[in-house]
Amino acid sequence: MVAISTEQPFTIAKIPVGSWSFAIRVWLATILALFVSFWLQLEAPTTAALTVAILAEPTRGQALDKAAFRLLATVVGLTASIAITGLFSQARDLILAAFAVWIGLCVFAAKLLDGYRAYAAVLSGYTVALVATQQIDTPQHVFESSMARGAAIAVGVLSIAVVNTLAFAPDRHPQLVAQLAAIHRRVRDFARAAFRGEPGNPTTFATLLRDIVTLRPETASVVFESSSGPIVSAAARSVAVGLIAELQAARVLNNDGAHGRDVESKAVAQNELLRRDEQVRADLLALRSVRWPSRLWRAPLYRSYRIAAASGIRATLWLAIASILYVWAGWPAASASMSFVVLIAGLGATTPNPRGFTAIALVGTPIAAVLTGILEFIILNGADAFPLLAIGLAPFIVGAALLMTSKNLLWSALGRVNLLSIPALLAPSNPQTYNPETFLFTSLFLGTAAALLLAAQTLIPPVSDDQRRMRLLVEARNELRDRVHRNGESPEEATFRDASRIGQFLAAGGAQDSRALAEMLSCFDQAAMLRLCDARLTRFADGPLAGRAREAIVERDTVTPQAIADRLREATSQKDAIEAEAAACLILTGNTVDRGNGTGSAGETV
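Going along each chain's sequence as written, the residues are numbered from 1 onward. Reporting in this predicted model follows two pLDDT cut-offs: at least 70 for local features of residues, and 80 or more for side-chain atom pairs to be given and counted; totals over whole chains, interfaces and linings ignore these cut-offs and use all residues. Note: side-chain values were computed over all heavy atoms of the structure, leaving out hydrogens and water.

Student: Would you explain a nonpolar patch on the surface in this entry?
Tutor: The grouping of Val370, Ile374, Ile378 and Ile379 at the surface amounts to a nonpolar patch, some 360 Å² of accessible area in total. Under the DSSP-based scheme used, a helix requires at least four consecutive residues in state H or I and a strand at least two consecutive residues in state E, with every element numbered from the N terminus. Tracing the backbone through its elements, the reader meets Ile374 in helix 14 (residues 354–380). Classification of Ile374 by relative accessible area gives partly exposed; the value is 32%. For patches, a residue must show more than 30% relative accessible area and have no salt bridge; joins then use 9 Å for like charges and 5 Å for nonpolar side chains, namely Val, Leu, Ile, Met, Phe, Trp and Tyr. The protein chains shown are the only cover counted for residues, whose accessible areas, like all others here, come from Shrake-Rupley with a 1.4 Å probe. Think of a salt bridge as a Lys or Arg side-chain nitrogen and an Asp or Glu carboxyl oxygen that are within 4 Å of each other. Whether a residue is buried, partly exposed or exposed follows from its accessible area with a 1.4 Å probe, protein chains only, as a fraction of its type maximum: under 20%, in between, or over 50%, in that order.

Right, here's the structure in full:
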């Protein structure tokens, strides 16, 4: 068992010292990136500062994980920029059309991924905006611009890596262990209630599922923290998958134990729960001790291709609308504003509410413009010395980074917007130019981009929460009807994938839709039991009998499995025999399918 400290963190000005440490690291990395860019006389020092802002994460592993995907996505984006410009260099309209389609494909990919992989997908899209669209009138310079931005991005990545290493940025590993241990205690509390025969709370069950699968990206980021990172990541994945399996075992016991079902089946369900709990405890010990777990499980993510396709098509249409309006307006600097449209749309695609993110960007842009104006024309006011730039940036970068660490989602989002917008509006250069007209136009174009994108999203709304919930529920029904498990997945891995679908359902407001949540959980229960029963049936030698049982459970026939279970019990006198376990599993599966069909006990209410 892993203990979690309940001590309150040390604070400065009522802000945890860890938040101050993170904010100062971001400022130091920004200054280092600008210094190296000026020293190397790079063409795009602003890109280096923006890279630091984008990679700003509280732990070393998260920052390095994000940096690795940023480098990969930059290569993909720069390659796409050169290819699109090379193919359609003679027609501006075709470049914009190809660019909109590319962004739609990137958003489609982002919706099939999570964590920093989703971020890398959208980065591949808006890299094209920063390179190809800004060189739309001079396509012959796309290659040079790509190399310059690639070099600046590399400087930004190296700067934040160096600062995080020298400043001893915290690792994610200890906190991840504590979180998984805390969830394990909550799962055991749920299991104790099942052992006592108390009715379980479906909302508690669904919340536990969500909290476990939410840690999936975190289990991947610890790979980069040390040489033992792959071991830690594998152990953390095994713990997460094991927790889902234990929680499902507790759910089975809770459902059948609460209704006085077959005594032998109940005993098998109890033994299964105890076995799962022991496995989780062993994997937690391996995670703490940095040892390979006894099983190497994957933690697959559920992917809804229809939701992803709908999101990608909408992103393409938003950019098409923006492109048409910019071309119709004929603004000489429209390409810069178009880049901001893509940047906001891309980052918003990685959030649950893209239109809400755009609204925050619209609110945050004027704030960032005012703050940047104060920095550039009042604080710096023509200064060229780099130390003055570093000192002047400090309160703005540190303040925005502190806001990012807030538990309030609105303040955190405003902090992220300001951390990105201030370097973009200031556009540090060597020597620094102080042109009020350029600053006003840049601020105007940034605000216009957010307003135009919000208008396009109002005209063609993003996929709504209701649509996402209904689509996920339909896919759960279809998958339950079509097959028991997917090729290449163990029952535990497939159950984790189904749990990630429930996490997505809850993220779309599923907790407020009690009937849909009850049906989603019913599909989850049936699929898990069908996979478990199928695995048990493969363990004993009576091929024809096992084949008949498989056919019956696939067809949702609950009478035949009961008869087969009775025959298996008659054939053996040992309660711990494989046949007896298979018989008990058949009965539990029949009970679960009965409840799902509404022919068993009374349906659940949430």
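Student: Help me understand the packing of aromatic side chains in this model?
Tutor: By convention here, two paired aromatic rings are described through the distance between centres and the angle between planes. For this analysis, a ring pair means two rings from Phe, Tyr or Trp (six-membered ring only for Trp) whose centres lie within 6.5 Å, classed as stacked if their planes differ by under 30 degrees, edge-to-face if by over 60, and tilted for the remaining angles. Tallying each qualifying case throughout the model produces 6 aromatic pairs. Through successive ring pairs, a cluster of aromatic residues spans Phe35, Phe38 and Phe386. Stacked on the ring of Tyr119, the Lys or Arg Lys66 has its end atom at 4.9 Å from the ring centre. As a reminder, the over-ring test applies to NZ of lysine and CZ of arginine, requiring each to be within 6 Å of the ring centre and within 35 degrees of the ring normal. The ring of Trp297 has Arg295 lying over it, and the distance from NZ or CZ to the ring centre is 4.4 Å.

Student: Which parts of the structure should I look at to understand helix 1 (residues 17–40)?
Tutor: Side chains of residues three or four places apart in an α-helix project in the same direction, reflecting 3.6 residues per turn. One less than the number of residues in a helix, times 1.5 Å, gives the span that helix is expected to have. Taking 1.5 Å per residue as the helical rise, helix 1 with its 24 residues ought to reach 34 Å, and the 34 Å between its terminal C-alpha atoms agrees with that figure. Ser19, Phe22, Ala23, Arg25, Val26, Ala29, Thr30, Ile31, Ala33, Leu34, Ser37 and Phe38 are the residues of helix 1 that are buried.

Student: Is there a simple way to explain the packing of helix 15 (residues 386–404) against helix 16 (residues 409–426) in this structure?
Tutor: When two helices pack together, their arrangement is given by the angle between their axes and by how far apart the axes lie. Angles run from 0 to 180 degrees between N-to-C directions of axes, and those axes are lines fitted to C-alpha atoms, restricted for helices to the stretch in contact. Following both chains from N to C, one finds helix 15 and helix 16 inclined at 155°, their axes separated by 6 Å at the closest point. With respect to helix 16, the element helix 15 is oriented roughly antiparallel. The handedness of the crossing between helix 15 and helix 16 comes out as left-handed. Of the residues in helix 16, those touching helix 15 at Leu389, Leu393, Phe396, Ile397, Ala400, Leu403 and Met404 are Trp411, Ser412, Gly415, Arg416, Asn418, Leu419, Ile422 and Leu426. Under the scheme applied here, ten amino acids are nonpolar (Ala, Val, Leu, Ile, Met, Phe, Trp, Tyr, Cys and Pro), four are charged (Asp, Glu, Lys and Arg), and all others, including Gly, are polar. Of the residues that constitute the contact of helix 15 with helix 16, the class distribution is 11 nonpolar, 3 polar and 1 charged. When an angle is under 35 degrees it counts as roughly parallel; over 145 it counts as roughly antiparallel; between 65 and 115 it counts as roughly perpendicular; any other value is oblique. Crossing chirality is assigned from the near helix's rotation relative to the far helix, an anticlockwise turn below a right angle marking it left-handed and a clockwise turn marking it right-handed. Should any heavy atoms of two residues lie within 4.5 Å, those residues are counted as being in contact.

Student: Please clarify how the pattern of salt bridges should be interpreted in this entry.
Tutor: Close approach of charged atoms allows side chains of opposite charge to pair. With the rule as written, the count across this model stands at 25 salt bridges. Between Asp465 and Arg468 there is a salt bridge, with its nearest N and O atoms 3.0 Å apart. Of this pair, Asp465 and Arg468 both sit in helix 18 (residues 465–482), separated by 3 residues, roughly a single helical turn. Judged by relative accessible area, Asp465 falls into the partly exposed class, the value being 35%. The class for Arg468 is buried, based on a relative accessible area of 16%. Put simply, Arg497 and Glu479 hold a salt bridge, and the shortest N to O gap is 2.9 Å. Of this pair, Arg497 sits in helix 19 (residues 491–507) while Glu479 sits in helix 18, placing them 18 residues apart in sequence. In this structure Glu479 comes out as buried when scored by relative accessible area, which is 12%. Bridged by salt links that share partners, the residues Glu479, Glu489, Arg497, Asp498, Arg501 and Arg531 form one connected network.

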